Each structure stands twice: as structure tokens, then as C-alpha cells.
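Architecture at a glance
Listed here are the chains, written in short residue letters.
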Amino acid sequence: MAKKFNALIDAMDTFLRTPATITEGRCHVRDAVDMKRIMITVMIALCPALLFGWWNVGYQHFLATGGTTGLWPCLWYGFLKWLPLVIVTYVSGLGVEVLFSQIRKEEVAEGFFVTGFIIPMIMPPDVLLWIVAVATIFAVLFGKEVFGGTGYNFLNPALLARAFVFFAYPSVISGDKVWISGADAITSATPLALAMNGHLEAMPSTWELFLGTIPGCIGETCKIAILLGAAILLFTQVADWRIMLTVLVGGYATALICQAAGLCPIAAHDQLLMGGFLFGAVFMATDPVTAAHTRTGKYIYGMLIGVLAVLIRLLNKGYPEGMMLAILLMNIFAPLIDYCVIQSTINRRQKRLSNRKQKRS
Amino acid sequence: MIKEHLGPLSKDNPVLVQTLGVCSALAVTAQLKPAVVMALSVTVVCACSNFIISLLRNTIPPRIRIIVQLLIVSFFVILVDQVLQAVVYDISKLLSVFVGLIITNCIIMGRLEAFALSHKPLPSLVDGVMNGVGYGLVLVVVAFFRELLGSGTLWNHPVVPESWYAHGYLNNGLMILPPMALILVGTMIWVKNWKTERR
């Protein structure tokens, strides 16, 4: 019995307790950082955005329905909205993971803990629970397990889950509408849609965008909380600053050019504060498994994400949230970028070597 | 002998094992009806051209055999196209260019080259039918899931009860799009490989 469910028991054991197994023999690397610690660091970094998200879901709800907007009722309302989402995500996602570990007779990897944490944060608060379950199962199955599990996925599973909902159930998460949690699901146009259609006066101010007191997904609205998370990730060196920086630079430069060309009716810095751009730049693009691995590759990868995200937003009215599509697209290209960077390095060194040989002879 | 001809249904399936004819498998499988019609058309073309080529196999000069094969295949494709337009006009509209593109279906050319040119007419006919059916099976399975989950219908009859929709069930829009067909075919290949490995 114990042997049959080895994967599950092992997963619970390592999750709840510190494993007693230690490295035997002489080892050179002394470091406490393992996958579990990296995952937990990311989860801690997500917490500020999550806490604010709870409050904001409640705040927007009471603002729309006309209730009290006190701190605790708002927090509690948002928490109750978030709790079923996160439970459904973990049960469905971990179910698939455990099933596959069981079949493959491997340990359950910790990868899903962060994925399952992020998925509820990038869904609209009123999304139907079965849709979340289907999307999570799809993302884990076709984004990860098909290719061999955690560490072998070339797409970010959390983003894949969102992309699945986006394409499969467009009425739920169409992208040009935002969601205010409430009984009759009030929807209004997103800031970006407002700006593109020329309703500049109805758009929230830069300060509101930055502070995050606007309707949106649970995790993406408050830019201060996201920056706090970014600080944690950078300080612990879990995420790479190169990717974060180049995404922002690429996005800002493209927004500036588009503004100069008359394509973008709003200020370039507002572009970076809108929607999921910053959340994507900090938590999604930097995913160490799916990002480019070489140093030069990271600059190219990040830059292209920023450029593409703003271009998709501005040029394609059908897909207002370009960040998700830009990151997924670049995830696919990341191995190619790495390959080109490594090949060019090899070629350069080979040339140098042959030059030196020629000089000698 | 019989076992050999049953190969295309499972262990030598033209789509799942040889990954031929995937293009049309993605294009026409959004609904069950056009998928079945397409499967029948390919089966007829494959069987007939296999038969004719096999009859001519000793008289076709090897150097120009591809041209002769193309001529015969396109003859049957035009025939099938005309019949479809006469009998089931709306479905032939739905299939549009993909009936004409049967000419380029690798399964048919593959069977002509690999089987009909070196076998007697009757076995060639059977081989053509079986490969068409093997292709058709994949088409029908993919179309079944795509129509059921994507439109909530089967053979244009609604099968998902209204009460489900009232309780918040939604059709999966991704199923209608060709990428999902590719994922479904991929899943079938995955399951097939897994079964073969276990054997």
C-alpha cells in the first residue's frame, strides 16, 4: 500500500517536514537553496500583490454596489472570492501532477505550488470554478506533463491556463472588459479600451493605475505591491534583473515610438502601468524554466516581450491584453534564442582560434 | 493476409503512425458530418486509384509513374467532387477546397508508391479501402470531440441538455479552432505510443 502511493506520500512528507536524506560523500557546493526554497520565495514575493488583491476585489465590489468600504469587510470579501479559486486550482492541478508522478514512478515536483498560486491571481474574481479547473488541468497536462513534467515545460503553465480560458471561453474573460465582483457581474471597459476608443476623460489617472484601486484581476492591479515582490525576487536572486529591466525598457521604448507615430493616445508610462504588464514582467517573464538561459539571450528575450506586448495591445484590437500572448510567444522562441547565442559564441571563438593559428604559422 | 490488411486501422495507421494527411484532419474536423464525408471521399479515391494503378502497374514506365498516378488520382478526385456537389451540396461547400486537395494527400500517393505498384489489383483495392478507413477513423474521433465540446452538438443535433447551459456550462471555443485539432491528434498519438510501449 505504502509503496503503491509512494509519490503522494513522498510529496506530503517533503512538503510538511524537512527530509532527513542528506548528501553523502564529499560535495563542493554548500547551499540551502533548493527547488522548494525557490518556490516559497516566489510565493512570498507574490503575497503583497495578493493581499492588496483581496482588498481591491472587495473594495470594487462595495464601490459598485454601494456598501461600506472599510478595510476588513473588503479584505474578507476578497478572501472569500479567492479561496474557492485557489482550492479548485490546487486540487485539479495537483491531481494531474500526482497522477502522472504515480504513473512515471517519480517524485511529485514542487513546480505546481507557484503555478497554482499564480493562476487565481490572473483570473477575473467572478470566473466560474469549473472553468478554472478545466483550464488548470489543460495547462498542467499539455503545458507540462506531455513534455516530461516540471523543468521540461517550454510554456509557462499559469499563463497557458489563462490563455486557454481566453480562447476557449471568450465570453468569460474577453479582455476588453474588466470585472467587478458582484451579484450581477457588472462589467466596464478596461482603461486601455477606453483610451483606444478616445474616452480619455473616463480613464483612471496615472496615480490610480499605480496604486491599483481599479477593477481587474486579483493580482495585477497594485503596482506598488508588485514592485515590492520584484524587490524580494531580485534581492534573493530568484529572478533575473536582466529580463525584468529589458521587458520594461522594450515596452517603454515601443510605447514612446507608437506615441510619436500617433498610434497610442496615452502617455508611454501609463502603458507600462496598465493591465498585466508589470505583473507579467516581474512574475511571468522571469520564470527560470521557460525564459532564455544565456545572458545575451535574456536581453533579447526580455526586449522582445516588451516590444511585442505593447505592439499587440495597440495594433490588434481583438487582443487588448498583449502581455500574456507576448510572453507565451517568446517562451516558444526562448530555446531558439539560446541556440543562436551559443552558436554565435562558438563561431566567434573558433574564428579567434583560427586567426591566432594563422599568425603563428 | 487479413492481418496485414488490418494494419492501417491500428498499428500502421496512416495518421497516427505515419503522420500523413494531418493537414486535412485539422481542417475538416470541426463537425462530424463533413469529417465523415471527407473520410468517405478519401477512401473512395484511395481504393479506386490503388486498383487502377495496380492494373496498369506492368505497363507504366517507371520514369513517368508519378505523372500517371497524379492523373488517375485527380480523375477520381474530380469525380468525387462532382458527386458531392450533386448530392450533398451544402457539405461540399463546407469542405470547399479540401476535396480538391485530396490529390495532394500523402496517404494516397504513399499507398500507390508503396503498395499498388507492386501488388495485384484485388489486394491493392483492399489496401486502399483499409487506409482510407484508418484515416477516416481518426477524423471521426477528432470530429466527435470537437463537435461535442465545441458546439454541444453531434451530427448537428444538440446533445448537451439546455439545463447545463442554464447552470453555467459553456461551449469550448478553442475546440472550433484548428490548433485544438492538432492537440487532439497529438493526444491520440500520445495514447497510441503509450499503448504500444506497454505491449
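This is a predicted model, so every value here is computed, not measured.

1. Section: the overall build of chain A
- Secondary structure summary: chain A contains 14 helices and two strands in total.
- Looking at chain A as a whole, 44% of its 361 residues are labelled buried.
- Within chain A, contacts between residues separated by at least 24 positions form 71% of all contacts whose residues are at least 6 apart in sequence.

2. A short note on the overall build of chain B
- Helix and strand content of chain B: eleven helices and two strands.
- Tracing chain B from N to C terminus, the helices and strands come up as α-α-α-α-α-α-α-α-β-β-α-α-α.
- For a compact globule of 199 residues, the expected C-alpha radius of gyration is about 16 Å, and chain B comes in at 18 Å, within 12% of that figure.
- For chain B, the spread of C-alpha atoms along the principal axes amounts to about 65 × 45 × 25 Å.
- Evaluated residue by residue, chain B yields a buried proportion of 35% over its 199 residues.

3. Focus on the confidence of the model for chain B
- On average, residues of chain B carry a pLDDT of 88, and 99% of them reach 70 or more.
- As a predicted assembly, this complex carries a pTM of 0.85 together with an ipTM value of 0.85.

4. Points about the nonpolar core
- Membership of the largest hydrophobic core comes to 130 residues, with the highest contact counts inside it found for A:Phe164, A:Tyr301 and A:Ile305.
- Here this core gets twelve residues from one element, more than from any other, and that element is helix 3 (residues 32–56) of chain B.
- With residues up to four places along the chain from it excluded, the contact list for A:Phe164 reads A:Ala135, A:Phe138, A:Ala139 and B:Leu174.

5. Some details on helix 13 (residues 295–315) of chain A
- Here helix 13 of chain A spans 30 Å end to end across 21 residues, near enough to the 30 Å set by a 1.5 Å rise per residue.
- Among the 21 residues in helix 13 of chain A, 15 count as buried, and that is most of the element.

6. A look at the interface of chain B and chain A
- Opposite the eight residues of chain B that make contact, chain A presents nine residues.
- Elements that contribute at least two residues to the side of chain B that touches chain A include exactly helix 10 (173–176) and helix 11 (178–198) of chain B.
- Class assignment of the residues belonging to the side of chain B that touches chain A gives a composition of five nonpolar, three polar and no charged.

7. Section: the environment of B:Gly7
All names here are of chain B.
- In this fold, Gly7 is placed in the loop between helix 1 (2–6) and helix 2 (22–27).
- Given 16 C-beta atoms within 10 Å, Gly7 falls into the partly exposed group.
- Placed 120 residues apart in sequence, Gly7 and Asp127 show a C-alpha to C-alpha distance of 9.4 Å.

8. A few points about the environment of A:Thr296
Residue and element names in this part refer to chain A.
- Inspection of the secondary structure puts Thr296 in helix 13.
- By C-beta crowding, Thr296 is classed as partly exposed, having 16 other C-beta atoms within 10 Å.
- In this structure, the C-alpha to C-alpha distance between Thr296 and Val165, residues 131 residues apart in sequence, is 33 Å.

9. Let's talk about unusual backbone geometry
Residues and elements named next belong to chain A.
- Even without being glycine, Gln237 reaches a positive phi, approximately 60°.
- With respect to the secondary-structure elements, Gln237 resides in the loop between helix 9 (223–235) and helix 10 (241–260).
- Since 11 C-beta atoms lie within 10 Å of it, Gln237 is described here as exposed.

10. Comments concerning the environment of A:Leu159
Residues and elements named next belong to chain A.
- Summarising the element assignment, Leu159 is placed in helix 6 (residues 157–168).
- Spatially, the C-alpha atoms of Leu159 and Ile266 are 27 Å apart, while their sequence positions differ by 107 residues.
- Excluding anything up to four places from it in sequence, Leu159 contacts Met284, Met324, Ile327 and Leu328.

Calculation criteria
Residues numbered from 1 in each chain as written. Chains lettered and ligands numbered in written order. Predicted model: local features only at pLDDT ≥ 70, side-chain atom pairs only at ≥ 80, totals over all residues. Helix = DSSP H or I, 4+ residues; strand = E, 2+ residues; numbered from the N terminus. Buried ≥ 20, exposed ≤ 12 C-beta atoms within 10 Å, placed from the backbone. Contact = placed C-beta atoms within 7 Å. Rg over C-alpha atoms; globule rule 2.2 N^0.38 Å. pLDDT = per-residue confidence, 0-100. Core = buried A, V, L, I, M, F, W, Y, C linked by C-beta atoms within 7 Å. Expected span 1.5 Å × (residues − 1). Nonpolar A, V, L, I, M, F, W, Y, C, P; charged D, E, K, R; others polar.

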